[in-house]
Amino acid sequence: MQIIIFGSPGVGKGTQAKILNNRLAIPHISTGDLLRDAYRNKTPLGLKAHELIERGELVPDNIMIDLMREMLREKAYQNGFILDGFPRTVSQAEALEKLFKELNFNHTVVLMMQAEEDEIVKRLTNRRTCSSCNNIFTHDKVKGLDTCPNCGAKGTLYQRNDDKEEVIRKRIKIYEESTLPVLNYMRAKEKIYFINALNPVDEVTEEIIKILQGVKEDITV
Ligand code: AMP
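A quick note: this is a predicted structure, and the numbers were derived from the prediction, not measured.

With respect to helix H9 (residues 201-215)
Turning to step 1, where the next piece is worked out: Taking 1.5 Å as the rise per residue, H9 with 15 residues should run 21 Å; its terminal C-alpha atoms sit 21 Å apart, in good agreement.
Turning to step 2, where the next piece is worked out: Of the residues making up H9, those classed as buried are Val204, Thr205, Ile208, Ile209, Ile211 and Leu212. One side of H9 carries all its buried residues, which in axial view fall inside an arc of 160 degrees. Exposed side chains of H9 directed beyond 90 degrees from the buried face belong to Asp202, Lys210 and Gly214.
Turning to step 3, where the next piece is worked out: In the core, the buried residues of H9 are packed alongside strand S1 (2-7), helix H1 (13-24), strand S4 (108-114) and strand S8 (192-196).

What follows is the structure, given as structure tokens:
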């Protein structure tokens, strides 16, 4: 099953994708995590993407499409995955559709997570990330902690520069202008499952699992 988890920055896509990855053992592909890891490893891709990420802008389509083309051919993804952060433009959606056809991926499920902008800004400004395992926490949960509650790495919890309010507003604007049109593009081709992301995290997870079970009967949790 190819699960595309869609929605505004900060709506909880990464959190849900990581939980689903743990519970259902479906590989998680986060383009944001890939780019941040690439920067930490000082690869040409990471160095190129870094400034754009810090400014809250999108990395050019050709770079992202090439990255996805390479990733999705890997053996690990042939039985399914959760895609988080891609596609973010209509060009990316068109390229993804073509790629899915080429690779014979034909069990696509699109989940659209929704929440109001004020709540999103609140969540993002309050978010902390582990640079080692990429897990996401609320500031309250990790305040004063020196080690990551998920992977135990020391000194790795940080606030992303693009999780500061002025960059967040820009990211949301770009989402509305460039990414939301992808929903209309996909709507014409796929059934979209809308999810209220304002609900508590575990309720959102249960809702998603119910949807996935409805789509594919052999999912056991
Ligand atoms: P995320 O972790 O998904 O919020 O992504 C962080 C940043 O990585 C975004 O603000 C973009 O700068 C970049 N990025 C991630 N995925 C994409 C994509 N599909 N297309 C363009 N830029 C992306």
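The rest of the description comes next.
Considering the state of the cysteines
Turning to step 1, where the next piece is worked out: Applying the stated rule across the entire model yields zero disulfides.
Turning to step 2, where the next piece is worked out: Between cysteine 133, a free cysteine, and cysteine 130, which holds the nearest cysteine sulfur, the sulfur-to-sulfur gap is 3.7 Å.
Turning to step 3, where the next piece is worked out: The partly exposed category is assigned to cysteine 133, whose relative accessible area is 23%.

Brief notes about the confidence of the model for the protein
Turning to step 1, where the next piece is worked out: Of the residues in the protein, 98% reach a pLDDT of 70 or more, and the chain-wide mean stands at 95.
Turning to step 2, where the next piece is worked out: Put simply, helix H6 (residues 117-125) is where the protein has its lowest mean pLDDT, 93, and strand S3 (residues 81-84) is where it has its highest, 98.

Some points on the pattern of salt bridges
Turning to step 1, where the next piece is worked out: One pass over the structure, following the stated rule, counts 21 salt bridges.
Turning to step 2, where the next piece is worked out: We note a salt bridge from arginine 123 to glutamate 119, for which the minimum N-O separation is 3.1 Å. Of the two residues, arginine 123 and glutamate 119 both sit in helix H6, four residues apart, roughly one turn of that helix.
Turning to step 3, where the next piece is worked out: What emerges from the salt-bridge pattern is a single network uniting Arg127, Arg160, Asp162, Asp163 and Arg171.

Comments concerning helix H5 (residues 90-102)
Turning to step 1, where the next piece is worked out: The first and last C-alpha atoms of H5 sit 18 Å apart over 13 residues, in line with the 18 Å expected at 1.5 Å per residue.
Turning to step 2, where the next piece is worked out: Of the residues making up H5, those classed as buried are Gln92, Ala93, Ala95, Leu96, Leu99 and Phe100. In an axial view of H5, the angular spread of the buried residues amounts to 165 degrees, which keeps them on one side of the axis. Exposed positions of H5 whose direction lies more than 90 degrees from the buried face are Lys98, Lys101 and Glu102.
Turning to step 3, where the next piece is worked out: In this structure, the buried residues of H5 make contact with S1, helix H4 (61-72), S3, S4 and helix H8 (165-187).
Turning to step 4, where the next piece is worked out: At the C-terminal side of H5, asparagine 104 shows a positive phi close to 65 degrees.

Rules behind the numbers
Residues numbered from 1 in each chain as written. Predicted model: local features only at pLDDT ≥ 70, side-chain atom pairs only at ≥ 80, totals over all residues. Heavy atoms only, no water. Helix = DSSP H or I, 4+ residues; strand = E, 2+ residues; numbered from the N terminus. Expected span 1.5 Å × (residues − 1). Buried < 20%, exposed > 50% of the residue type's maximum accessible area, 1.4 Å probe, protein only. Arc of directions from axis to C-beta. Contact = heavy atoms within 4.5 Å. Disulfide = S-S within 2.5 Å. pLDDT = per-residue confidence, 0-100. Salt bridge = Lys/Arg side-chain N within 4 Å of Asp/Glu carboxyl O.

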